[in-house]
Amino acid sequence: MEPLELLYEPAGLPAFPLAQELAALYPGTLGFPADCVYANFVETIDGVVALPGIPRSNRVIADASDADLFVMALLRACADAVIVGSHTLLASPKNVWTAEAAFPPAAAELAELRRRLELPERPDVVVLSRRREIESAALGDRLHVRSDVVDAVAELRDRGCRRILCEGGPTLFGSVLEAGLVDELFLTVSPLFAGRGLPLVEGVELLPDRRIAASLAGVRRHGEHLFLRYALER
Ligand SMILES: NC(=O)c1ccc[n+]([C@@H]2O[C@H](COP(=O)([O-])OP(=O)(O)OC[C@H]3O[C@@H](n4cnc5c(N)ncnc54)[C@H](OP(=O)(O)O)[C@@H]3O)[C@@H](O)[C@H]2O)c1
């Protein structure tokens, strides 16, 4: 894979010790404050993140970008825990939400990053569902099902999980956004129009009454794909 190109990054971001191979592919800095909830999505130019009923809709949305998978892997490698909505789990029940599963060519470097960050081999995975009948053979006892996202994040923090990655989908993202829990958003914009499908945020009404704004914390480019990093105002 060709490296991403750094177009903009503000000074003063926390910087984790990436191995040279990872730093070469992801120029600039990557790091998080001690307690942080960050989300990662890929969307089309017209803001669509999922095409209900279409197999492998995420890859279609991402236009099969390897760089998107690489960034996903890097973000997973920094996480103590990953939270997902039940529909996202059911859309890909074999998903294990590990860094190496997203980008196997850098498995060794990603595992090394987790060691440097003193993280366990794999993140915990919390599935949000009010139905509690979720099962995933792939995740076994690392899978936790919770029915309230605010409580789930508090419980993770009590257990020492400091950096929590929200991998969607848009309904779960809407509820964590509305709860004021999101610190950062990593958003890949793929060079496609969808014309249909689910937008990045579902199920909550924000504007005009609720203003949630963000500042740019990074812009990278890989071919025609843009990789945006936003820090949300708290
Ligand atoms: N493009 C991307 O980057 C990306 C990322 C992730 C997912 N996706 C796609 O998005 C689609 C799924 O999105 P979605 O919006 O339909 O579903 P979702 O957000 O994955 O899951 C929604 C479900 O999660 C549970 N849930 C959400 N918020 C909750 C809360 N605050 N408390 C308790 N439970 C909560 C509920 O489960 P119950 O109904 O079980 O109660 C809800 O019905 C899939 O196609 C997936 O592939 C795309």
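Because the structure is predicted, anything quoted here is derived from the model rather than measured.

A. Expanded view of unusual backbone geometry. That bond from Gly168 to Gly169 is cis: its omega, 0 degrees, falls within 30 degrees of zero. Structurally, Gly169 can be placed in the loop between β7 (163-166) and α8 (170-178). Residue Pro208 is reached from Leu207 by a cis peptide bond, and omega for that bond is 5 degrees. Of note, Pro208 is situated in the loop between β9 (198-199) and β10 (214-222). Despite not being glycine, Asp63 shows a phi value in the positive range, around 55 degrees. Topologically, Asp63 is positioned in the loop between α2 (57-61) and α3 (66-77). Even without a glycine there, the phi angle at Ala64 is positive, about 55 degrees.

B. Summary view of a nonpolar patch on the surface. A surface patch of nonpolar side chains, amounting to about 330 Å² of accessible area, comprises Leu7, Tyr8, Leu216 and Leu226. Residue position: Leu226 is located in strand β11 (residues 225-232). A relative accessible area of 33% means that Leu226 is categorised as partly exposed.

C. Structural detail: the packing of aromatic side chains. In total, this model carries 6 aromatic pairs according to the counting rule given. For the ring pair Phe16 and Phe32, a centre distance of 6.1 Å and an interplane angle of 65 degrees mean the geometry is edge-to-face. Of the two residues, Phe16 is situated in the loop between β1 (5-8) and α1 (20-25) and Phe32 in the loop between α1 and β2 (36-43); the sequence distance between them amounts to 16 residues. By relative accessible area, Phe16 is classed as buried at 15%. The structure contains a cluster of three or more aromatic residues connected by ring pairs, namely Phe16, Phe32, Tyr38 and Phe186.

D. Structural detail: the site of the ligand. In the vicinity of the ligand lie 24 residues, with Thr88, Ser129, Arg130, Arg131 and Thr171 positioned nearest. At 2.7 Å from an oxygen atom of the ligand is found a side-chain nitrogen or oxygen belonging to Arg131. Take Leu172: an N or O atom from its main chain is 2.9 Å from an oxygen atom of the ligand. The fraction of the free accessible surface of the ligand (930 Å²) that becomes covered by protein chains is 88%. Among the elements of the structure, β2, β3 (48-50), α4 (86-91) and α8 are those that each provide at least two residues to the shell around the ligand. Within the shell around the ligand, the residues separate by chemical class into 10 nonpolar, 11 polar and 3 charged.

E. Quick look at the environment of Ala79. The topology assignment puts Ala79 in the loop between α3 and β4 (81-85). Here Ala79 falls in the buried class, since its relative accessible area comes to 0%. As a C-alpha pair, Ala79 and Pro120 span 41 residues in sequence and 9.7 Å in three-dimensional space. In contact with Ala79, not counting residues within four places along its chain, are Tyr38, Arg114, Leu119, Pro123, Arg163 and Leu165.

F. Representation of the sheet that holds strand β6 (residues 143-146) in the model. With mixed pairing, 9 strands are arranged side by side in an open sheet as β1-β10-β11-β8-β2-β7-β4-β5-β6. What marks the edges here is a single partner per strand, and that holds for β1 and β6. In this sheet, adjacent strand axes meet at a mean angle of 25 degrees when their direction is disregarded. Here strand β5 (residues 124-128) pairs with β6 via 4 bridges, running parallel. Paired with Leu128 across the bridge in β6 is Arg146. Running over the sheet, α3 touches β2, β7, β8 (184-189), β10 and β11 and is turned about 170 degrees from β2.

Cut-offs applied
Residues numbered from 1 in each chain as written. Predicted model: local features only at pLDDT ≥ 70, side-chain atom pairs only at ≥ 80, totals over all residues. Heavy atoms only, no water. Helix = DSSP H or I, 4+ residues; strand = E, 2+ residues; numbered from the N terminus. Patch = residues over 30% accessible without salt bridge, like charges linked within 9 Å, V, L, I, M, F, W, Y side chains within 5 Å. Areas by Shrake-Rupley, 256 points an atom, 1.4 Å probe, with all protein chains shown as cover. Salt bridge = Lys/Arg side-chain N within 4 Å of Asp/Glu carboxyl O. Buried < 20%, exposed > 50% of the residue type's maximum accessible area, 1.4 Å probe, protein only. Phe/Tyr/Trp six-rings, centres within 6.5 Å; stacked < 30°, edge-to-face > 60°. Near = heavy atom within 4 Å. Polar contact = N/O pair within 3.5 Å; in protein donor to acceptor, adjacent residues only side chain to side chain. Nonpolar A, V, L, I, M, F, W, Y, C, P; charged D, E, K, R; others polar. Contact = heavy atoms within 4.5 Å. Pairing = 2+ DSSP bridges. Axes fitted to C-alpha atoms, helices over the stretch in contact; angles between N-to-C directions.

Honestly, that's just the spatial picture; any functional story needs more than this.
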